[in-house]
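# Understanding the architecture of this molecule
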Amino acid sequence: MVVGVCTIHLDLPGCHSLKEKRRIVKSILARLGNEFNVSVAEVERNDAWQHAVLGVACVSNDQGYLHRLLTKVVRSIEKGRFDAQVADYEIEIF
């Protein structure tokens, strides 16, 4: 069994309240979970208006597959969201 974890740091430059941030983050979480069948949650910086940190996890028996899948998750956010910008990300395979 191989576990893949991706930590994604997002900048949300247009957010001016926690309510606005949570609307954007909730939308991203739902879309990623449905589209890629991964577990995803906001894991840090919960009270920062213009920043969010997402944790994405998945399990497989193929290390290469996990790396490709987590890379697609990051690219999906970069291409699909204009109100959230990927500042940094890190993929770990265990």
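Our structure is the block above this text.
As a starting point, this report considers the structure included with it. Quick caveat, the model's predicted, so the values are computed rather than measured.

About the criteria used
Residues numbered from 1 in each chain as written. Predicted model: local features only at pLDDT ≥ 70, side-chain atom pairs only at ≥ 80, totals over all residues. Heavy atoms only, no water. Core = buried A, V, L, I, M, F, W, Y, C linked by side-chain atoms within 4.5 Å. Buried < 20%, exposed > 50% of the residue type's maximum accessible area, 1.4 Å probe, protein only. Helix = DSSP H or I, 4+ residues; strand = E, 2+ residues; numbered from the N terminus. Contact = heavy atoms within 4.5 Å. Pairing = 2+ DSSP bridges. Axes fitted to C-alpha atoms, helices over the stretch in contact; angles between N-to-C directions. Expected span 1.5 Å × (residues − 1). Arc of directions from axis to C-beta.

## Remarks on the nonpolar core
Grouped together as the largest cluster of nonpolar side chains are 25 residues, with contacts concentrated most on Ile8, Leu10, Ile28, Val56 and Ile77. Elements with a contribution of two residues or more to this core: strand 1 (2-11), helix 1 (18-36), strand 3 (51-60) and helix 2 (63-80). Tallying contributions element by element places helix 2 first for this core, with six residues. Residues within four places of valine 56 in sequence aside, it is in contact with Gly4, Val5, Cys6, Ile8, Val38, Ser39, Val40, Leu70 and Val73.

## As for the pairing of strand 1
Across 10 bridges, strand 1 lies against strand 3 in antiparallel orientation. Of the residues in strand 3, the one forming a bridge with histidine 9 is valine 53. Here strand 1 runs beside strand 4 (residues 85-93); their pairing, made up of eight bridges, is antiparallel. Across the sheet, aspartate 11 pairs through a bridge with glutamine 85, a residue of strand 4.

## Some points on the sheet that holds strand 2 (residues 39-44)
Strands pair in a sheet through their backbones, by hydrogen bonds, and they do so in one of two ways: parallel or antiparallel. Taking strand neighbours across the sheet as the criterion, the four strands line up as 2-3-1-4 in an open arrangement whose pairing is antiparallel. Two strands lie at the open edges of the sheet, namely strand 2 and strand 4, each paired on one side alone. Geometrically, the sheet is characterised by an average inter-axis angle of 20° between neighbouring strands, direction not taken into account. Of the strands in this sheet, strand 1, strand 2 and strand 3 touch helix 1, which is tilted by about 150° from strand 2. Contacts between helix 2 and the sheet are confined to strand 1, strand 3 and strand 4, with strand 1 contributing the most and set at about 15° to the helix.

## Digging into helix 2
Taking 1.5 Å as the rise per residue, helix 2 with 18 residues should run 26 Å; its terminal C-alpha atoms sit 26 Å apart, in good agreement. Every buried residue of helix 2 is listed here: Leu66, Leu69, Leu70, Val73, Val74, Ser76 and Ile77. The buried residues of helix 2 occupy an angular sector of 150° when projected down its axis, which confines them to one face. The exposed residues of helix 2 that point more than 90 degrees off its buried face are Arg68, Lys72 and Lys79. Packing partners of the buried residues in helix 2 comprise strand 1, helix 1, strand 3 and strand 4.

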